[in-house]
Amino acid sequence: MTNMNQTVARETADQDTPVVAVEASKPAHGSVEEGKTVGKPFSDKAKFKLRDVEVFYGENRAIKNISLDIARNEVIAFIGPSGCGKSTFLRCLNRMNDSIDSCRVTGSLMLDDIDIYDPKRDVVELRARVGMVFQKPNPFPKSIYENVAYGPRIHGLANRKADLDEIVENSLRKAGLWDEVKDRLDATATGMSGGQQQRLCIARAIAVSPEVVLMDEPCSALDPIATAKVEELIAELSESYTIVIVTHSMQQAARVSHRTAYFHLGNLVEVNETSKVFTSPEHELTESYITGRFG
Amino acid sequence: MTDQHSQAELVRQSLKARYRKERRFRAYGIIAIAIALAALVTLFADIIGKGYTGFQKTTVTLNVDLDGEIMYLDDATDKRQLKMADFVEPLVLALMKEIPDATEADRDAIKDLINPYASVTLREALEANPGWLGTTRTMTFLTHTDVDVYVKHAGDEGYSIKLNDQQKAWVDELESRGIVDTSFNDVFFSGGDSRDPSKAGILGAVVGSLLTMFVTLALSFPIGVAAAIYLEEFAPQNKFTDFIEVNINNLAAVPSIIFGLLGLAVFINLFGMPRSVPVVGGLVLTLMTLPTIIISSRAAIKSVPPSIREAAEGMGASKMQVVLHHVLPLAMPGMLTGSIIGMAQALGETAPLLLIGMVAFIVDVPNGFFDSATVLPVQVFLWAGSPELAFIERASAAIMVLLAFLISMNALAIWLRKRLERRW
Ligand SMILES: Nc1ncnc2c1ncn2[C@@H]1O[C@H](COP(=O)(O)OP(=O)(O)OP(=O)(O)O)[C@@H](O)[C@H]1O
Ligand SMILES: [Mg+2]
């Protein structure tokens, strides 16, 4: 079933002239073979086991036959030029693509031993285990307290007010926000600074004690100081959570991640230890990208 | 260097042209607004100028001698006697006393100055206070409509005065002594319709309008909002929903009288519901306002930023929770505004209600949803079409009341929008 889908998909992608055109307009820095990833895409402590993943937006194949393991408690960074499919791939991990009608995902995506795309599986449970932080801070237009309490409330994690208070305080502490907001928990969240809002969104995501936190360019709307705080936070969180972060900042990837995955036009070109990727990349395309020859 | 100079010069010149253009554009805008304002002021001036007298009533204050002999009444607690008794005579006698030069021959002319309903007022007063029998009381009564018109519009070409010269002289004289006087027209606000203009009031129409609006709101708001949520959030995108969408937009453009015909055919002829009642009026107006409410509610739902939706979905909220916890609260101000504007339209609607019989002449103030009633705009329609000129000023006064309702509803919509509007 899956295989058949892939064959069909590959045929359509071959006719996909725009992609070819984009490739042709770039200077040749090397080529990538579909489904072939250099480096170490696999791990023996895998939290996510992703095999032969393909994502289609209608006819457009945005992710081409990617296989990757994401290890327990690691921070893995997705980098790559704009439009290469980082967000698309990230959003497969908690099925955020479900709300896009034209989007179709094939292949096998396992979180521990559950099948993420099992049609019988309720996304609610999945999303309680795999939280998400978005590019633009998007707190609910409610109070700070309500923002953090929302997840525990809808998942029924706290039955008493005292439990809820505790979860809220712990989450805000972990997000490094407690001291700044403890006196105004009832103030609306939209009145905070961008950096505070983003940390609130992180607090909101970790309030349901997820196992994985997905972050799609979490610092792109923040100034350097707020960025530094969020990065610090990521480092702390990595002790208890698996973190997948998409970033356009190579420095950020280098600072926060253990492993780095380089995407190119829907292909996963290279995955390796972050230090290795940034010092001696194996693939020519990776090298071109990190040395800033295109992006 | 010179190159740069000449370029700066070019920019400066193009700037001048641009400023000129902008000034002209602004002038057009101001002219447009001035024209609109002038039209509005003219409209209001005309209505208020014609109608403010509708808020005044003309009264005559008399020392009424409640003599049992004259009234053929010796026990004011006896209902049967009260019914038979003559309450006109004491009024005529009291008024004749105020006009010393009047002779017995003028009796009928004098009687014609008093409102036909004045005797009813006197009987009701006596029924309430039986002890008054045999005493002399100072009481105030409505004058006849002809006197009312004369007092308010003497010298106005538009009104024909039905009093003869002698009656005019009497009224002038009584007015100079303060016996005939104008005051605030409470009758207009406390009574139902009447054949006699000075007795006619809008309370019946106002209550009818409120009852009808209540039915309309209670049906169209929940149905409209639910339809909008379903179409916007849950309905699959296919030919069928496209078809529904097109038809909702079409319905919003259907002339309202068609809805009246539909209501007549379905609610009255098919379901056998009574004519002229607020329930049927409300149902018909519901059909009419639904498209407006659905369209504005959908726009309000669409304007909820996708980032909020995404955030909630990312937290594991179900579709239903996303809608109830996040989309609805954020869309509510827009939905309310749309609904109030829809209700304001319905409040001013006449045509469909004519068809379902709410145009009947109804004297009583309706007591419930199944009582015969009329509504404000229909009352205006009835009075404006009346041959009696005294009704025209009442129609204008009713228009003012209707406009006051509409303006306050629109103000409420604006206030709600400002008040509930949230930033994200
Ligand atoms: N909702 C969508 N509908 C259709 N096509 C989409 C949609 N979202 C993304 N795509 C397509 O999928 C491809 C990958 O997009 P994606 O957003 O994953 O890129 P990205 O690597 O995250 O880029 P960026 O760095 O700019 O965020 C692009 O070619 C894009 O046009
Ligand atoms: Mg992206």
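Residues numbered from 1 in each chain as written. Chains lettered and ligands numbered in written order. Predicted model: local features only at pLDDT ≥ 70, side-chain atom pairs only at ≥ 80, totals over all residues. Heavy atoms only, no water.

### So, the overall build of chain A
Phase 1: Secondary structure summary: chain A contains 12 helices and 11 strands in total.
Phase 2: Each of the 295 residues in chain A was classed as buried or not, and the buried ones make up 55%.
Phase 3: Relative to all contacts within chain A whose residues are 6 or more apart in sequence, the contacts with residues 24 or more apart total 70%.
Phase 4: Surface exposure of chain A reaches about 12,800 Å², of which carbon and sulfur atoms provide 49%. (Helix = DSSP H or I, 4+ residues; strand = E, 2+ residues; numbered from the N terminus. Buried < 20%, exposed > 50% of the residue type's maximum accessible area, 1.4 Å probe, protein only. Contact = heavy atoms within 4.5 Å. Areas by Shrake-Rupley, 256 points an atom, 1.4 Å probe, with all protein chains shown as cover.)

### Quick word on the packing of helix α5 (residues 144-154) of chain A against helix α8 (residues 194-206) of chain A
Residues and elements named next belong to chain A.
Phase 1: At a minimum axis separation of 7 Å, α5 and α8 run at an interaxial angle of 30 degrees. Comparing the axis directions of α5 and α8 gives the class roughly parallel. Crossing handedness for the pair α5 and α8: right-handed. Between α5 and α8, the residues in contact are I144, N147 and V148 and L200, A203 and R204, respectively.
Phase 2: The class makeup of the residues in the contact of α5 with α8 is 4 nonpolar, 1 polar and 1 charged. (Axes fitted to C-alpha atoms, helices over the stretch in contact; angles between N-to-C directions. Parallel < 35°, antiparallel > 145°, perpendicular 65-115°, else oblique. Left-handed = near helix turned anticlockwise from the far one by under 90°. Nonpolar A, V, L, I, M, F, W, Y, C, P; charged D, E, K, R; others polar.)

### Here's the deal with the interface of chain A and chain B
Phase 1: Counting residues at the interface gives 20 residues for chain A, matched by 17 residues for chain B.
Phase 2: For the pair chain A and chain B, the two sides together bury roughly 1,700 Å², of which 60% comes from carbon and sulfur.
Phase 3: Where chain A meets chain B, there are 1 salt bridge.
Phase 4: At the junction of chain A and chain B, the tally comes to 7 residue pairs in polar contact (both at pLDDT 80 or more).
Phase 5: If you list the elements that add at least two residues to the side of chain A that touches chain B, you get α4 (123-129), α5 and α8 of chain A.
Phase 6: Examining the composition of the side of chain A that touches chain B, we find that 3 residues originate from one element, α5(A), more than from any other.
Phase 7: Residues that form the side of chain A that touches chain B fall into these classes: 11 nonpolar, 5 polar and 4 charged. (Buried area = accessible area lost by both parts, 1.4 Å probe. Salt bridge = Lys/Arg side-chain N within 4 Å of Asp/Glu carboxyl O. Polar contact = N/O pair within 3.5 Å; in protein donor to acceptor, adjacent residues only side chain to side chain.)

### Considerations on the sheet that holds strand β1 (residues 56-65) of chain B
All names here are of chain B.
Phase 1: Here we have 3 strands laid out as an open sheet, ordered β2-β1-β3, and antiparallel in their pairing. Strands with a single pairing partner mark the edges of an open sheet, and in this sheet they are β2 (136-142) and β3 (180-184). Neighbouring strand axes in the sheet, compared pairwise and without regard to direction, differ in orientation by 35 degrees on average.
Phase 2: As paired strands, β1 and β2 are joined by 7 bridges and run antiparallel to one another. Across the sheet, residue D65 finds its bridge partner in β2, namely T136.
Phase 3: Along the sheet face, helix α7 (residues 145-153) touches β1 and β3 and points at about 125 degrees away from the line of β1. (Pairing = 2+ DSSP bridges.)

### Regarding the site of ligand 1
Residues and elements named next belong to chain A.
Phase 1: In the region of ligand 1, the neighbouring residues are Y57, A62, S82, G83, C84, G85, K86, S87, T88, I100, E217 and H248.
Phase 2: Here a nitrogen atom of ligand 1 sits 3.4 Å away from a polar atom, N or O, in the side chain of Y57.
Phase 3: One of the side-chain nitrogen or oxygen atoms of K86 is found 2.7 Å away from an oxygen atom of ligand 1.
Phase 4: In the complex, the protein chains occlude 64% of the 630 Å² of accessible area that ligand 1 would expose alone.
Phase 5: With 3 residues, the top contributor of residues to the shell around ligand 1 is helix α3 (residues 86-92).
Phase 6: In the shell around ligand 1, the residues fall into 4 nonpolar, 6 polar and 2 charged. (Near = heavy atom within 4 Å.)

### Description of the packing of aromatic side chains
Aromatic ring pairs are reported here in terms of the distance separating the ring centres and the angle at which the planes meet.
Residue and element names in this part refer to chain B.
Phase 1: In this structure the tally under the stated criterion is 13 aromatic pairs over all chains.
Phase 2: Arranged with centres 5.7 Å apart and planes meeting at 5 degrees, the rings of F55 and F189 form a pair that is stacked. Of this pair, F55 sits in the loop between α1 (2-51) and β1 while F189 sits in helix α9 (residues 186-190), and the two are 134 residues apart along the sequence.
Phase 3: Here W383 and F391 contribute two aromatic rings whose centre-to-centre distance is 6.1 Å and whose plane-to-plane angle is 20 degrees, an arrangement assigned as stacked. (Phe/Tyr/Trp six-rings, centres within 6.5 Å; stacked < 30°, edge-to-face > 60°.)

### Brief notes about the sheet that holds strand β8 (residues 212-216) of chain A
Residues and elements named next belong to chain A.
Phase 1: What the 7 strands build is an open sheet, ordered β1-β11-β10-β4-β9-β8-β7; its pairing is mixed. Looking at strand neighbours, the two that pair on one side only are β1 (38-39) and β7 (130-133), the edges of this open sheet.
Phase 2: Bridging between strand β4 (residues 75-79) and strand β9 (residues 242-246) involves 4 bridges; their strand directions are parallel. Its bridge partner lying in β9, F78 is registered against V246.
Phase 3: Against the sheet, α8 engages β7 and β8, with an angle of about 170 degrees to β7.

### Observations regarding the pairing of strand β3 (residues 60-71) of chain A
Phase 1: When you tally the buried positions in β3(A), you get 11 out of 12 residues, the bulk of the element.
Phase 2: Counting the residues in the hairpin turn of strand β2 (residues 46-57) of chain A and β3(A) gives 2 residues, including A:G58, whose phi is positive at 60 degrees.

### A look at the domain arrangement of chain B
Residues and elements named next belong to chain B.
Phase 1: Partitioning chain B into domains gives domain 1 (55-184) and domain 2 (203-420).
Phase 2: Using only C-alpha atoms to locate each centre, domain 1 and domain 2 end up separated by 46 Å.
Phase 3: Counting residues at the interface gives 10 residues for domain 1 and 7 residues for domain 2.
Phase 4: The contact between domain 1 and domain 2 buries some 640 Å² in all, and 59% of this surface belongs to carbon and sulfur atoms.
Phase 5: Its largest share of buried area at the contact with domain 2, domain 1 owes to F55, T145 and Y159, together 58% of the area lost on that side.
Phase 6: One salt bridge in this structure joins R394 and D148, with 3.5 Å as the shortest N-O distance.
Phase 7: Applying the counting criterion to the domain 1 and domain 2 interface returns 2 residue pairs in polar contact (both at pLDDT 80 or more).
Phase 8: With 5 residues, the top contributor of residues to the side of domain 1 that touches domain 2 is α7.
Phase 9: Tallied by class, residues from the side of domain 1 that touches domain 2 come to 3 nonpolar, 5 polar and 2 charged. (Domains from an automatic or database assignment.)

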